[in-house]
2 protein chains.
Amino acid sequence: MAITVVGSVAFDSIETPAGRRERCLGGAATYFSLSASFFTDVRVIAVVGEDFGQEQQAAFNARGIDTRGIEHASGKSFFWEGSYLENLNEAKTHNTELNVFGSFQPKIPDAYRDSEFLFLANIDPVLQRRVREAMPDVKLVAGDTMNYWIKDHKPALLEVLRGLDILLINDTETKMLAGNSNLVQAARAVLNLGPRMLVVKHGEYGATAFFGHDGVAAKTFRAPALPLEEVVDPTGAGDSFAGGFFGYLASQKELTPGAFRRAMFYGSVMGSFAVEEFGTSRLEKLTREEIDVRFNQFRELTHLD
Amino acid sequence: MAITVVGSVAFDSIETPAGRRERCLGGAATYFSLSASFFTDVRVIAVVGEDFGQEQQAAFNARGIDTRGIEHASGKSFFWEGSYLENLNEAKTHNTELNVFGSFQPKIPDAYRDSEFLFLANIDPVLQRRVREAMPDVKLVAGDTMNYWIKDHKPALLEVLRGLDILLINDTETKMLAGNSNLVQAARAVLNLGPRMLVVKHGEYGATAFFGHDGVAAKTFRAPALPLEEVVDPTGAGDSFAGGFFGYLASQKELTPGAFRRAMFYGSVMGSFAVEEFGTSRLEKLTREEIDVRFNQFRELTHLD
């Protein structure tokens, strides 16, 4: 089943202990859709500027991603500059230029309206809510957010959470959103805000899925991350996780507890590839065979037999 | 097969968000042996003072632990006072009184000499090495250490590492010992220092086992920790992990890769119990049935099927 994703398509300048790259193709919707495209049809809603050219478009085309919902505006695309020199787990932002993204008004192409899955990547919760309301018939809605929206835009965010089936955030965001420093208690509090499932991403330690009482009848599940020899660029790891997770779910006929577990593994697998090279490079050259090999590595890493 | 463990038997005064307890029975060798006693015979080498009385002795007796190697000296037992008020993952030490432990000279009872497993709990590496050399015929030797010995007693520690089969330490200690901030690279460097297996404990995220080239033919394995609603007292979690891990190994006829995986799970299981109450309380009243139930919970938490 097709996924529609709304979020940023951007350029990133990134510095890590492995080096520096200027103006890589980036943005949450980009990483998400490249990652999800290995599992299902993906349709993107975003806005870009005149600096978004054939090279960037080709990255989406090569993965068969529907970009009719990417609006081309006059001006420059969203730009982010950051580094991970001291801590690979946390980006230090040096510069953010919203550019055309500052006045983004998501428009949903008619061809997207039969999408059964909707992913609200990390953008202003007011926009997330608008897209959610414009697509009332989707079967499953997942979303992401970040500390900035939790801290300064909580009322708008809480309205989004009420309309979400699945929320994917990290440890710090979970505890901040709940105002509770115990992860299990915080997870339960977040599940009371609306989502039926909460995926908490632990960075190099993997991710845990918590389920609410009215959610799928599934038990708490923890997927590992692959212990990696070298992390070249952590940018987009969380969005790639979300793409693998939600893309796999959208490819399933039935959303059984087992499907959610395998989806957690595929999320972790896609995150582990994303960080191996700068920007979207690794995802752009990835093959489905590599994904399956790594899935089995994850199984070997965690299974007793 | 029997395990001999050398380490501290102590009194701890502990403050956590859940409350405060004065002079609980504590010490690495205490937690280790209580935990390991659910799987195999355990023999302790330690020194205590006149404040170690019938109540403390009873805790060991109830679990059938051989305490003939606990020397009774005049003076007071090792005493530690610490708190976890700001961070449950890291103790803040308020007071350490070595007391009789300051002049500890481990003596190995003849009845311990046929032990096939030896555990060197976190004490001065000079003492660890002395015990190791006095028991040359053991089949498997594991040990623990801490940042203090890594930082200020590295030459002595490196000699201990050369005689170890298995080292159990945490993330920070692994990176500090290797002088490398990437866990996988650090683990490989530590494996080059002697141990054939390295168990890195990640606190609330579980633990990872790394194997050297000349170690058991086993692949990297990650055991989870149980997401816990409440951590009452983290003291002794690592020693309880070591006890469950090494105790289970000692109970096995053959040290297969599968046995090491299950041992990682049992370690994590025992750590999860230890933190549920202050001091050794939870371990003292634990049953083997509870251990097996939780083992299955860990399997459900991580296994796809």
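As shown above, the structure is provided for reference.
Predicted model only: the values in this text are computed from it and were never measured. (Residues numbered from 1 in each chain as written. Chains lettered and ligands numbered in written order. Predicted model: local features only at pLDDT ≥ 70, side-chain atom pairs only at ≥ 80, totals over all residues. Heavy atoms only, no water.)

**Brief notes about the overall build of chain A**
Now for step 1: Looking only at helices and strands, one finds eleven helices and 13 strands in chain A.
Now for step 2: Expected size for 305 residues packed as a compact globule is a radius of gyration near 19 Å; at 18 Å, chain A falls within 12% of this value.
Now for step 3: The buried share among the 305 residues of chain A stands at 58%.
Now for step 4: Residue pairs in contact within chain A that sit at least 24 positions apart in sequence constitute 63% of those at least 6 positions apart.
Now for step 5: Accessible surface, chain A as shown: approximately 12100 Å² in total, 47% of it carbon and sulfur.
Now for step 6: Taking the average place of the 31 positive charges on the side chains of chain A and the average place of its 40 negative ones, the gap between the two points comes to 6 Å. (Helix = DSSP H or I, 4+ residues; strand = E, 2+ residues; numbered from the N terminus. Rg over C-alpha atoms; globule rule 2.2 N^0.38 Å. Buried < 20%, exposed > 50% of the residue type's maximum accessible area, 1.4 Å probe, protein only. Contact = heavy atoms within 4.5 Å. Areas by Shrake-Rupley, 256 points an atom, 1.4 Å probe, with all protein chains shown as cover. Lys, Arg positive; Asp, Glu negative; His and termini not counted. Charge placed at Lys NZ, Arg CZ, Asp CG, Glu CD.)

**Description of the packing of helix α6 (residues 171–178) of chain B against helix α7 (residues 183–191) of chain B**
All names here are of chain B.
Now for step 1: For the pair α6 and α7, interaxial distance at closest approach is 8 Å and the crossing angle is 65°. For α6 against α7, the interelement crossing comes out left-handed. Listed contacts from α7 to Asp 171, Thr 174, Lys 175, Leu 177 and Ala 178 of α6 are Leu 183, Ala 186, Ala 187, Ala 189 and Val 190.
Now for step 2: In terms of residue class, the contact of α6 with α7 is built from seven nonpolar, one polar and two charged. (Axes fitted to C-alpha atoms, helices over the stretch in contact; angles between N-to-C directions. Left-handed = near helix turned anticlockwise from the far one by under 90°. Nonpolar A, V, L, I, M, F, W, Y, C, P; charged D, E, K, R; others polar.)

**Quick look at the environment of Asn 180 of chain B**
All names here are of chain B.
Now for step 1: As for its placement among the helices and strands, Asn 180 is situated in the loop between α6 and α7.
Now for step 2: Distance from Asn 180 to Glu 133, taken between C-alpha atoms, is 30 Å for residues 47 residues apart in sequence.
Now for step 3: A distance of 2.8 Å separates a polar side-chain atom of Asn 180 from the backbone nitrogen of Asn 182. (Polar contact = N/O pair within 3.5 Å; in protein donor to acceptor, adjacent residues only side chain to side chain.)

**Quick word on helix α3 (residues 125–134) of chain A**
All names here are of chain A.
Now for step 1: For α3, the complete set of buried residues consists of Pro 125, Leu 127, Gln 128 and Val 131. End-on, the buried residues of α3 take up no more than an arc of 155°, which puts them together on one face.
Now for step 2: Those residues of α3 that are buried lie in contact with β1 (3–6), β8 (117–120), β9 (140–144), α4 (147–152) and α5 (154–162).
Now for step 3: One side-chain oxygen at the N-terminal end of α3 lies 2.9 Å from the backbone nitrogen of Val 126; it belongs to Asp 124. (Arc of directions from axis to C-beta.)

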